[in-house]
Amino acid sequence: MKYIYSLMRFTKEILKIVIFIISILFSGYFILGTIYSTLFTELQFKEQIVSSMTNYELMLMLFGILGILGILGFRKIVKPILSKGELIIYLFSSYFLSYFIVKNFQFPNRLFVLLILLISVILFFLLLQITDFFYNFNVLYLGELISKEKIKLNQNISKLVFNFNNGLLKSPIIIIKIIFSLIIFSSVIILTIGLSGLIIFKVNQYFDYQNQLRKSFIITKIIPKNTTYAQEIVLQGYNFGWDLNNLSLLMTKDGAINDIKLWTDNEIRFIVPLHLKEGKSFIWLEKPENDSSHSAILKSNQVLLNIISRWEFYPSQINYDNPFYPIIKENILRKIKRFWFFKLKLGDLLSYNQR
Amino acid sequence: MIPFKKKLIISIIYLVSVFLFLRTDLSFFKFLNSDPSTLLFFSILPLLIWLANSKIAIIGAIFFMVLTAIFDLSKFEKTSENLVIQSFFFFAYAVIISIKELTKER
């Protein structure tokens, strides 16, 4: 039990050091990268990783680091005895972080202020905790621990040797203990090395994939997937080009879509036209390879759009004429659906099967 | 008196949060939306006020000015423009802070 306890302490200390190094390296890289790329615009700087990460990925990473730091650094609740300047800095940074987090989740607009307030209060105390963790962090503590344990191990080994020398192996329990602890210790080390290697490999692969995506003509996302006529749809992706000469087209099987509100290099907003058929239809982009009129036409990938009948959301005339119009069950259901799909914009959460 | 290590940690946390914020939305700094270099200075401004010292600001300004000269000589015009904006703001800040310090002394 004692061995396991000490091993747990070891792993906790190792984890602390790993998180400490990762967070320091990442934050330093991020800060220097941003300052460098804003000031020295003409000097090419390989900040591929930071620039290729989307805000969402950055936020997930931030969540991970903040969470682990919060758990590891938690010893006792830090009392906020702060000077005026410190307080202002903490408030600013917690507000900025909470804004970043809330903005990147697609929360409904009504809860925006409330969520920012809530998250910034939580983050304020978490940041206090984290500064306490970094401030009181002692790298040499692990060395002390190892040296203490070493002495114990040496004593055990000397006992063992002594017993062997006497030709009497009185206590095999010591051998079992030593072997057991060695196995656990080596397996922990192998696991940590293997896991961290795997994570680094996967992250690298993911960044390569993301960089590849950024270079190709591709639609990555359609929001929302399930919708009805005359609603706005957002297409996100890369290299759509700037539609200056109206040569680029947004195509479906039923013809081109003309009611386009916004066309930028990585976002298109359009209104679902009435000439599309109900049900599933594919959407893709077509653009000429260059400006000449005889150039080849490039096609992007196809994304699926599910158009639901408008009677699923709005009442029909017969329903409308009914004197009990507001309290009919169907109409209430429709109202809830409208709220869910068009106000909260959470229609994609349900896997909507069409009748 | 706050120890240096703690100051460093807090400023790193602040910088990370402000740069993350700058990636999402600029509504907070909408009044200076045009120029990234100005934006950078104003986003770091609370930190500067917290670590307020006229000496540091003047050293920063001179540092940026020297860099400006070097980059201007080697014809990186956009970069030198950015740097000269920084040095101007740092000088202005240093002057304001030094006036404040002088009035406090009296």
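Not measured: the values here are computed from a predicted model.

Peer 1: Could you clarify how one ought to interpret the overall build of chain A in this entry?
Peer 2: Check the secondary structure of chain A and you find nine helices and ten strands. Out of the 355 residues in chain A, the part that is buried amounts to 36%. For chain A, contacts bridging at least 24 residues in sequence account for 63% of all contacts bridging at least 6. Accessible area of chain A: about 22,900 Å², with a carbon and sulfur share of 66%.

Peer 1: Would you explain the pattern of salt bridges in this entry?
Peer 2: For side chains bearing opposite charge, pairing can occur when the charged atoms are close. Residues and elements named next belong to chain A. Under the definition given, this model contains five salt bridges over all chains. One salt bridge connects D259 with K261, and the closest N-O pair in it is separated by 3.9 Å. A salt bridge links E267 to R269, with the shortest nitrogen-to-oxygen separation between them at 2.8 Å. Taking relative accessible area as the criterion, R269 reaches 28% and is therefore assigned partly exposed. Salt bridges linked by common partners bring E232, E267 and R269 together as one network.

Peer 1: Just to check I follow, could you spell out unusual backbone geometry for this structure?
Peer 2: If a residue is not glycine, its phi is most likely negative; likewise, a peptide bond is most likely trans. Residues and elements named next belong to chain A. With an omega of -10°, the peptide bond between I223 and P224 qualifies as cis. Among the secondary structure elements, P224 is positioned in the loop between β1 (218–223) and β2 (226–227). The backbone of A230 sits at a positive phi, close to 65°, despite the residue not being glycine. Here A230 lies in the loop between β2 and β3 (232–238). Notably, N239 is not glycine yet its phi reads approximately 55°, a positive angle. Its location among the elements puts N239 in the loop between β3 and β4 (249–252). N239 gets classed as partly exposed once you look at its relative accessible area, which sits at 24%.

Peer 1: In this structure, what is going on with the nonpolar core? I would like to understand it.
Peer 2: Membership of the largest hydrophobic core comes to 63 residues, with the highest contact counts inside it found for B:F19 and B:L20. Put simply, the parts of the chain that give this core at least two residues each are α1 (2–39), α3 (55–72), α4 (84–104) and α5 (112–135) of chain A together with α1 (4–24), α2 (36–50), α3 (54–73) and α4 (77–105) of chain B. At eleven residues, the largest contribution of residues to this core is made by α1(B). Contacts of B:L20, omitting those with residues within four sequence positions, involve A:F30, A:L58, A:L62, A:L97 and A:F100. Grouped together as the second largest cluster of nonpolar side chains are 19 residues, A:L250, A:W263, A:I268 and A:L276 included.

Peer 1: Would you take a moment to explain the packing of α3(B) against α4(B) for this structure?
Peer 2: Between two packed helices, both the angle of their axes relative to each other and the distance between the axes serve to describe the pair. All names here are of chain B. Where α3 meets α4, the closest approach of the two axes is 8 Å, and the angle between their N-to-C directions is 160°. By the angle class used here, α3 and α4 are roughly antiparallel. Both α3 and α4 take part in a crossing whose hand is left-handed. Of the residues in the contact of α3 with α4, the class split is 14 nonpolar, eight polar and two charged.

Peer 1: Can you help me understand the interface of chain B and chain A in this one?
Peer 2: A common way to express how large an interface is: the accessible area buried when the components associate. With 37 residues of chain B at the interface, the matching set in chain A holds 38 residues. Where chain B abuts chain A, roughly 3,400 Å² becomes buried across the two surfaces, and 78% of that area is made up of carbon and sulfur atoms. The interface formed by chain B and chain A contains zero salt bridges. Contributions of two or more residues to the side of chain B that touches chain A are made by α1, α2, α3 and α4 of chain B.

Peer 1: Just to check I follow, could you spell out the confidence of the model for chain B for this structure?
Peer 2: Fine structural detail should not be taken from predicted coordinates in areas where pLDDT scores are low. Mean pLDDT over chain B works out to 86, with 91% of the residues at or above the 70 mark. Overall fold confidence (pTM) sits at 0.55, and the ipTM for the predicted complex is 0.88.

Peer 1: What is the right way to look at the sheet that holds strand β6 (residues 260–263) of chain A in this model?
Peer 2: Backbone-to-backbone hydrogen bonds join strands into a sheet, with any given pair of strands oriented parallel or antiparallel. Residue and element names in this part refer to chain A. Strand order across the open sheet formed by four strands is β1-β3-β7-β6, with antiparallel pairing between neighbours. What marks the edges here is a single partner per strand, and that holds for β1 and β6. Averaged over neighbouring strand pairs, the angle between their axes works out to 15° when direction is ignored. Pairing geometry for β6 and strand β7 (residues 267–271), over three bridges, is antiparallel.

Each value, and the rule that gives it
Residues numbered from 1 in each chain as written. Chains lettered and ligands numbered in written order. Predicted model: local features only at pLDDT ≥ 70, side-chain atom pairs only at ≥ 80, totals over all residues. Heavy atoms only, no water. Helix = DSSP H or I, 4+ residues; strand = E, 2+ residues; numbered from the N terminus. Buried < 20%, exposed > 50% of the residue type's maximum accessible area, 1.4 Å probe, protein only. Contact = heavy atoms within 4.5 Å. Areas by Shrake-Rupley, 256 points an atom, 1.4 Å probe, with all protein chains shown as cover. Salt bridge = Lys/Arg side-chain N within 4 Å of Asp/Glu carboxyl O. Core = buried A, V, L, I, M, F, W, Y, C linked by side-chain atoms within 4.5 Å. Axes fitted to C-alpha atoms, helices over the stretch in contact; angles between N-to-C directions. Parallel < 35°, antiparallel > 145°, perpendicular 65-115°, else oblique. Left-handed = near helix turned anticlockwise from the far one by under 90°. Nonpolar A, V, L, I, M, F, W, Y, C, P; charged D, E, K, R; others polar. Buried area = accessible area lost by both parts, 1.4 Å probe. pLDDT = per-residue confidence, 0-100. Pairing = 2+ DSSP bridges.

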